[in-house]
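# Commentary on secondary and tertiary structure
Here is how the chains run, residue by residue.
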Amino acid sequence: MTQPPPGIGGLTTAEAARRLSEGRNELPSPDRRSAIGHLGGVLREPMVLLLLIASALYVMFGDVAEAAALGVSVLAIIVITIAQERRTERALDALRELASPHAQVLRDGRWLDIDARELVPGDVIHLGEGDRIPADALIRAGTPLAVDESLLTGESVPVVHHPDPAATALDRPGEQSASVFAGTLVGSGNAVAEVLRTGPHTEVGAIGAALGGIEITRAPLHREVAHVVKRVAVIAIALCMMLAVIKLATGADLLHAALAGITLAMSLLPEELPLVLTIFLALGAWRIARHNVLARRAAVIETLGAVTVLCVDKTGTLTQNRMAIRRVVTEDSRHDIGLDDRELPESAHDPIEYGLLACPQQPADPMDKAFGTLAARTLAKTEHVHPGWRWVREYPLSPGLLAVTHVWRDEAGARTVVATKGAPEAIIDLCHLDEAQASAWRARVDTMAREGLRVLGVARARVATSEMPTDPHDFAFELVGMVGLADPLRAETKDTISLCRDAGVRIIMITGDHPVTAKAIAHAAGLRSDEVLTGAELEALDERALTTATERVEVIARAAPAHKLRIIQALRAGGAIVGMTGDGVNDAPALKAADVGIAMGHGTDVAREAAGLVILDDRLGSIASAIRTGRTIYDNLRKVATYLLAVHVPIVGLALLPPLLGWPLLLGPIHIVLLELVIDPTCSIVFEAERPAHDAMQRPPRSRSEHLFDASRVSRALLLGFAALLGPFVVAAVAHHAGADTSVTRALAFVSLIAADLTLVAGTRERFVRGSHVGGNPASVWMVASVVGLIAVILAVPWLRQLFQFAVAAPHYLAAAVIAGVVPVMLMSAVRTRRSRERARSNRMPPAGDAGIHLTPRTRHA
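Reading the values: rules and limits
Residues numbered from 1 in each chain as written. Predicted model: local features only at pLDDT ≥ 70, side-chain atom pairs only at ≥ 80, totals over all residues. Heavy atoms only, no water. Pairing = 2+ DSSP bridges. Helix = DSSP H or I, 4+ residues; strand = E, 2+ residues; numbered from the N terminus. Axes fitted to C-alpha atoms, helices over the stretch in contact; angles between N-to-C directions. pLDDT = per-residue confidence, 0-100. Contact = heavy atoms within 4.5 Å. Buried < 20%, exposed > 50% of the residue type's maximum accessible area, 1.4 Å probe, protein only. Arc of directions from axis to C-beta. Parallel < 35°, antiparallel > 145°, perpendicular 65-115°, else oblique. Left-handed = near helix turned anticlockwise from the far one by under 90°. Patch = residues over 30% accessible without salt bridge, like charges linked within 9 Å, V, L, I, M, F, W, Y side chains within 5 Å. Areas by Shrake-Rupley, 256 points an atom, 1.4 Å probe, with all protein chains shown as cover. Salt bridge = Lys/Arg side-chain N within 4 Å of Asp/Glu carboxyl O. Expected span 1.5 Å × (residues − 1). Polar contact = N/O pair within 3.5 Å; in protein donor to acceptor, adjacent residues only side chain to side chain. Phe/Tyr/Trp six-rings, centres within 6.5 Å; stacked < 30°, edge-to-face > 60°.

## A short note on the sheet that holds strand E5 (residues 145–148)
Pairing is antiparallel across the open sheet formed by three strands, whose spatial order is E6-E5-E8. The open sheet has two free edges, formed respectively by strand E6 (159–161) and strand E8 (185–188), since each of these has just one partner strand. If you compare each strand with its neighbour and ignore which way they point, the axes differ by 45° on average. Across three bridges, the pairing between E5 and E8 is antiparallel. If you follow Asp148 over to E8, its bridge partner there is Leu185.

If you want it as structure tokens, here you go:
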């Protein structure tokens, strides 16, 4: 391992611990609410406030049992809400822990492998090929480092940094100096560096801090739900006060008047909506995590289901990020190589042999690994592989010579061989070819590039002396051939793109490759490649022209990370809902500005912090699975919205009508809480467990203008709700006019209400299932069994019966109450389902005027 120069011995453990107390080498976490903040947020919810008021009233009038029951309910709501919020925070913490890099550091005179978060200014670290640089530092000793700084600069060409023991300050990224920066990747070289800046003080940290200026807006669904709850809360409070005044005016005492008003307000509030939305999205995050997708913000999942355009990087997302040699060209031959070929023609051996000798012994670069893989598969038993040779020297990549040269000596020490590989122009120059030879090789290189191959030249030289020149140009190189490499498409890429197209999601590939290479890869992936937009062309377009261009192209080549933000803005200006992938620091603004920012798991912390989703395996197929989950969640939320609107109608009816008609109160706060115990699990468990619709990925994304509570859904819900009210109200009316005791009337009406609510579940599921029949849902069976068991226990246990003010009713009366609750809902659901199917059959051929909404994705992309 490279040793530091004299005078730089690293820190002691004690001094490092002292400096670490001033801050870890990590980016600051997003601001999070404390436990007190979480508690305050829950206590401000309208339902919780009403429960607390009702509980205080019961205490004031001496009913401790009712007060205690309501207090337990408040505690349960607090625990559930805080637990869901903390779950998302723990998931992010787990990802940050997983992604935390390590560093080799000199402490107490010994090299140690530590968590990079423990680095402090003044530490001496070792940097080698393939290392992710953990902090901003100055190179003090070793060989020059070729560093990929595209994460900071957007430039794909590595920057060479040279050791400088006397340097005192960091230069800017992209400049040839001793300065290296956190988050960048060492391509070649071996050096010792001194840490100068860590954490938020690094170049990466400065860019991360700048992201604070981009505000993350709440998802449309959250805004809509919050708006509905606030409006209904205002109405509920107004009706609560009106009913209380009416009761007092008709001679009721203060307790009964206040409880009647509070019960009505509680029955009106759709308090389940925010909670159910939270649970749905949290469980959705858990479901997509099984597809290697981590949701940093669960709310982005519902937006993902509405994405219309998905902008993806080529490398690692569409391709395997694993280069493979596909062609070898010599002066008089050409050989195409399959991924499974086990043998090579003799004339192809030399380019692979010397290309392998020009690679590091422990390669990290995908192109270097490609030579090793092919040699192991095809040359392992030949004289062209030299495991016993001794490495002598390396001439690293430099801006003036884009080639890497390695010197080797055979086992006997009798022969010295020099191998070099690099950019074709650099190799042609090293070999000192005449113009005719150079032109012939350039033509071969152009042909390979037009077919989407990345080309490297390979040359060799033999040395008769042990003395090595200082410049590789002094070797007498002989050009042995050109090697064409390709990053193979992932096996599922083409099918996944076809699936997304069927789902109405247009894929745009963004790459830094040459347009010819990009076009070839896009064609193989199944993208429309007849038109390619380049980064230079993009910069020349104004905003309107760029919006027009992005509506038709599916390939953008020679693109820099800075272009991504303009692409997103142009697509959104055209009405698209945009998903964007990225992994670099410079990708972060685009990830944050996108409707759905998708960071790659191997990327930077800054990219992950800016994104809403993190794809741990970098696969496009994982993103498609997340889109399916997002659409399923929204489908199920539509069912929940209908159910919640419908189920509150009979509750409000039984809370409002009896007091207005002069009957005794049938529902009190304790009954509303019990109903919430039925409604919340129904929404969060039964509907969340609904299977995906069979056409979830065969229909266009929902419109940006679509609302969860549109007029047609509200009208359907109200019709179902009035049907659910009919049975319980008739039961209560018959029992009251028959002179039944209030406790018996209350018990029969409540049983009928529970039966109607459970029937609403089946009716709502049937109404929104796309297909010929309703899929099985074991959760609904367990839910019905649990609710029936709970009501049976309450009616059977005397102290519970007394708590809810029920009385024992004859079995045949209970059976009649159940039938009265079930039949009207079943009839209304059957009528609505039949009308819906007739309407669907009549609308199978959409009108031409609605083509933008109803045409199938294949038609729209034709």
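Next comes the rest of the description.
## Points about the confidence of the model for the protein
Close inspection of predicted coordinates is inappropriate for parts of the model with low pLDDT. Model confidence for the protein is summarised by a mean pLDDT of 80, while 79% of its residues fall at 70 or above. Put simply, helix H30 (residues 851–854) is where the protein has its lowest mean pLDDT, 31, and strand E19 (residues 506–510) is where it has its highest, 95. Across residues 767–775, confidence stays below pLDDT 50; counting only partners more than four residues off in sequence or on other chains, it has 22 contacts. Note on residues 844–862: pLDDT is under 50 here. Beyond four places in sequence and across chains, it has 20 contacts.

## Some thoughts on helix H17 (residues 515–525)
All buried positions along H17 are accounted for by Thr517, Ala518, Ile521, Ala522 and Ala525. Around the axis of H17, the buried residues are gathered within 130° of arc, so they sit on the same side. One or two positions beyond H17, positive phi appears at Gly526, with a value near 95°.

## Some points on the packing of helix H23 (residues 620–660) against helix H25 (residues 711–737)
The geometry of a pair of packed helices is captured by two quantities: the angle between their axes and the separation between those axes. Contact pair H23 / H25: the axes reach a minimum separation of 8 Å and the direction vectors enclose 40°. For the element pair H23 / H25, the angle class is oblique. Read as a crossing pair, H23 and H25 show a hand that is right-handed. Together, Arg638, Ala641, Thr642, Leu645, Ala646, Val649, Pro650, Gly653, Leu654 and Leu657 of H23 and Arg713, Val714, Ala717, Leu718, Leu720, Gly721, Phe722, Ala724, Leu725, Pro728 and Phe729 of H25 make up the contact between the two elements.

## Topic: a nonpolar patch on the surface
Together, Met242, Ile246 and Leu660 make up an exposed nonpolar region whose accessible area comes to about 250 Å². Looking at the element boundaries, Leu660 is found in helix H23.

## A word on the environment of Glu688
The topology assignment puts Glu688 in the loop between helix H24 (669–687) and H25. Of the residues examined, Glu688 reaches a relative accessible area of 8% and is grouped as buried. In sequence terms Glu688 and Asn636 are 52 residues apart; their C-alpha atoms lie 6.3 Å from each other.

## Digging into the pattern of salt bridges
Taken as a whole and judged by the stated rule, the model has 30 salt bridges. Here Arg197 and Asp136 are joined by a salt bridge, their closest N and O atoms 3.0 Å apart. Taken as a pair, Arg197 in strand E9 (residues 190–197) and Asp136 in strand E4 (residues 136–142) lie far apart in primary sequence, 61 residues in all. By relative accessible area, which is 27% here, Arg197 ends up partly exposed. Note on Asp136: relative accessible area 0%, which makes it buried.

## Overview of helix H15 (residues 435–450)
With 16 residues, H15 extends 22 Å between its outermost C-alpha atoms, agreeing within 8% with the 22 Å of an ideal straight helix rising 1.5 Å per residue. Among the residues making up H15, those that are buried are Ala438, Trp441, Val445 and Met448. One face of H15 carries all of its buried residues, which in axial projection span an arc of 85°. Seen from the buried face of H15, the exposed residues on the opposite side, beyond 90 degrees, are Glu435, Ala436 and Arg450. Regarding H15, its N-cap is Asp434, as a side-chain oxygen of that residue lies 3.2 Å from the backbone nitrogen of Ala436 further along.

## Observations regarding the pairing of E4
In terms of burial, E4 is a largely internal element, six of the seven residues being buried. In this structure, E4 lies alongside E9, joined through six bridges in antiparallel fashion. Counted as the bridge partner of Ala137 is Val195 from E9. Here two bridges tie E4 to strand E7 (residues 179–180), and the two strands are oriented antiparallel to one another. Its bridge partner lying in E7, Leu138 is registered against Ser179.

## Quick word on the packing of aromatic side chains
Across all of its chains, the model carries six aromatic pairs by this definition. Between the aromatic rings of Phe750 and Phe806, the centroid separation amounts to 5.4 Å while the plane-to-plane angle is 45°, which identifies the pairing as tilted. One end of the pair, Phe750, is in helix H26 (residues 742–768); the other, Phe806, is in the loop between helix H28 (798–803) and helix H29 (811–842), with 56 residues separating them in the sequence. With relative accessibility at 1%, the residue Phe750 sits in the buried group. According to the relative accessible area criterion, Phe806 is buried, its value standing at 9%.

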